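Given next are the chains, with one letter for each unit.
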Amino acid sequence: MEKDIKKEDFSADNALENEGTEIMSETETDAGTETEPVTEKENDLKTAAESIAETETESETETAAETQTASPPKPKAPKMICYIKKAVWIMLLAFETAAIVMFVSQMPLGIRNIGAIFGLCMSVFALLVTAFIKTAVKILKWLWKRKSGKTVTIVFFSVFGLLTVYAVLLSSLMIGEIMNTPHDPDAVIVLGCRVQRNGKPSLMLGRRIEAAYEYLSENENVICIVSGGKGEDEPISEGEAMKVALVEKGIDESRIFVEDKSENTKENIEFSARLLDEMGMEINEAAIVTDGFHLYRASLMAKGTWQNTTSVAADTPWWLVTAYWFREWFALSSLFVFG
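Residues numbered from 1 in each chain as written. Predicted model: local features only at pLDDT ≥ 70, side-chain atom pairs only at ≥ 80, totals over all residues. Heavy atoms only, no water.

> Mind showing me how you'd approach the pairing of strand β1 (residues 187–191) here?
Walk down a regular strand and you will see the side chains alternate between the two sheet faces. Burial analysis of β1 places 5 of its 5 residues in the buried class, which makes it a mostly covered element. Alternating positions in β1 separate into two faces, A187, I189 and L191 on one and V188 and V190 on the other, with burial throughout. Across 5 bridges, β1 lies against strand β2 (residues 223–227) in parallel orientation. Its bridge partner being in β2, A187 is matched across the sheet by I223. Running through helix α6 (residues 203–218), the crossover from β1 to the neighbouring parallel element β2 is right-handed. Note that β1 and strand β4 (residues 285–291) share 4 bridges and pair parallel. (Buried < 20%, exposed > 50% of the residue type's maximum accessible area, 1.4 Å probe, protein only. Helix = DSSP H or I, 4+ residues; strand = E, 2+ residues; numbered from the N terminus. Pairing = 2+ DSSP bridges. Right-handed = clockwise from strand over helix to strand, strands pointing away.)

Below, the structure written as structure tokens:
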């Protein structure tokens, strides 16, 4: 009986253990089933976090690369440099404005030649470019980005550069002729200029007379030809006006010979040479007296007329030099092309 009870107890215990084991197994199974989704979420979150981290790292790398490749910000110029640029800008504006005033003031005096008009136009253009320099730079950049605009820009600056070189070359030749002073001339040829309505020499003609007087006073053995005809608005010929002025200054009248038929520089030279031939004089060196800007063209026209020509430069009024210097560029160009 006791054995049966023990067996039953043992069986009961085994049953309880088996149930406990099953419960634990089910619990572990349930636990495993429940923890599996949690693990997948954690993996998903971890993967997303890693992706975000990688994206941020790539963005930081790209940003760093862009920062390295981008040009560094331009450093600001020192204040002194800014002040100098501003001062130069103001000086250019003042100079160009003064040039415009100078050329405009010559118009009422009858100085409306091509040199004065050219100088006025160039001064106005330069003033506009200087005043709106930033806009001018923007326009150039805009043109340079376009094929046709780039072509126009290159052509413009090429032509401008060639013309500038040409003007510099002419100016150097003109200055060189001014420096070609007389050695031992046989005659002095004074080229005419306008006579005022009262019969008195104009300002520029008066300067030529003064230069001739100084040279003739220092070289008393040299004769003088005063050359210039009579214009429609002139009461006497330019040649006669020069003779009267030179005699009044003290030059012996017997040394002065008047040529009063010429109307331009070429005729001044030709008719003076003809007069000297009629006088039976052999001229090896002729000294030409005129304004400095005019000497080179006169010397070109005198080539072949006399064996040698030299120059006596009259003192041109400073405020007229630029207009007449510019005019001479055009006159020389016409001489080169048309003779």
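We are not done yet, so read on.
> Can you walk me through the pattern of salt bridges in this structure?
Side-chain pairing between opposite charges can occur once the charged atoms of the two side chains come close. Enumeration according to the criterion identifies 7 salt bridges in this entry. For D260, the salt bridge is made with K261, and the minimal N-O distance between the two is 3.0 Å. Note that R297 and E328 form a salt bridge whose closest N and O atoms lie 2.5 Å from each other. Note that R297 is positioned in helix α9 (residues 295–301) and E328 in helix α10 (residues 318–338), a separation of 31 residues in sequence. (Salt bridge = Lys/Arg side-chain N within 4 Å of Asp/Glu carboxyl O.)

> How should I be thinking about the nonpolar core in this particular structure?
Note on soluble globular proteins: their nonpolar side chains tend to be buried together. Core analysis: the biggest nonpolar cluster contains 42 residues, and M174, V188, V190, V226, L246, V289 and W329 have the highest contact counts within it. The contacts of W329, once residues within four sequence positions are left out, are F118, A167, L170, S171 and M174. By size, the runner-up hydrophobic cluster in this structure holds 16 residues, among which are A187, I225, L295 and W306. (Core = buried A, V, L, I, M, F, W, Y, C linked by side-chain atoms within 4.5 Å. Contact = heavy atoms within 4.5 Å.)

> For this particular structure, what's the right way to read the packing of aromatic side chains?
Ring pairs (aromatic) are described by centroid distance and by the angle formed between their planes. Considering all chains together, one arrives at 7 aromatic pairs under this definition. When the ring of F103 is compared with that of F326, the centres are 6.4 Å apart and the planes differ by 25 degrees; the resulting orientation is stacked. Here the residue F103 occupies a position in helix α2 (residues 79–106), and F326 occupies one in helix α10, the gap between them amounting to 223 residues. The buried category is assigned to F326, whose relative accessible area is 17%. Centroid distance F326 to W329: 4.9 Å. Interplanar angle 40 degrees. Geometry classified as tilted. Here the residue F326 and the residue W329 both occupy positions in helix α10, the gap between them amounting to 3 residues, near one helical turn. Take F326 and W329: they sit in the same class, and that class is buried. Three or more aromatic residues link up through ring pairs in this structure, and these residues are F103, F118, F326, W329 and F330. K249 extends its terminal NZ or CZ atom over the ring of Y213, reaching a point 5.5 Å from the ring centre. (Phe/Tyr/Trp six-rings, centres within 6.5 Å; stacked < 30°, edge-to-face > 60°. Lys NZ or Arg CZ within 6 Å of the ring centre and 35° of its normal.)

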